[in-house]
Amino acid sequence: MEQGVWQEIEQLYRKFQQLGISEAVDLAKQNLEAVLNLFSGNFERYF
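Nothing here was measured: the structure is a model prediction, and the numbers come from that model.

Chemist: Now, about the packing of aromatic side chains: what can you tell me, with residues and values included?
Modeler: One pass over the structure, following the stated rule, counts one aromatic pair. Between Tyr13 and Phe16, the ring centres sit 6.3 Å apart and the planes meet at 20 degrees, which makes this aromatic pair stacked. Taken as a pair, Tyr13 and Phe16 lie in helix H1 (residues 2-18) at a separation of three residues, close to a single helical turn.

Chemist: So what's going on with helix H2 (residues 21-40)? Residues and values would help.
Modeler: An ideal rise of 1.5 Å per residue puts 28 Å on 20 residues; H2 measures up with 28 Å between its terminal C-alpha atoms. Once H2 ends, the next one or two residues include Gly41, with phi positive near 95 degrees.

Chemist: How would you explain the pattern of salt bridges if you had to name every residue and give the values?
Modeler: The full count for this structure, using the stated rule, is one salt bridge. Of the charged contacts in the structure, one is a salt bridge between Arg14 and Glu10, with a shortest N-O distance of 3.6 Å. Pair noted here: Arg14 and Glu10 are both in helix H1, with a separation of four residues, about one helical turn. Overall, Glu10 belongs to the partly exposed group, its relative accessible area being 45%.

The rules behind these values
Residues numbered from 1 in each chain as written. Predicted model: local features only at pLDDT ≥ 70, side-chain atom pairs only at ≥ 80, totals over all residues. Heavy atoms only, no water. Phe/Tyr/Trp six-rings, centres within 6.5 Å; stacked < 30°, edge-to-face > 60°. Helix = DSSP H or I, 4+ residues; strand = E, 2+ residues; numbered from the N terminus. Expected span 1.5 Å × (residues − 1). Salt bridge = Lys/Arg side-chain N within 4 Å of Asp/Glu carboxyl O. Buried < 20%, exposed > 50% of the residue type's maximum accessible area, 1.4 Å probe, protein only.

Don't take any of this as a statement about function, it's just geometry.
What follows is the structure in structure tokens.
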């Protein structure tokens, strides 16, 4: 049973990678960090 769970996790992870979800999450995180930095006054990083 435990082996079946790990196989399912591997399949889901492959699907996650194929859909490009990790890249979308990274982009959303970068956008959020940029907005937070701009509002906190740390905007010199962007200019």
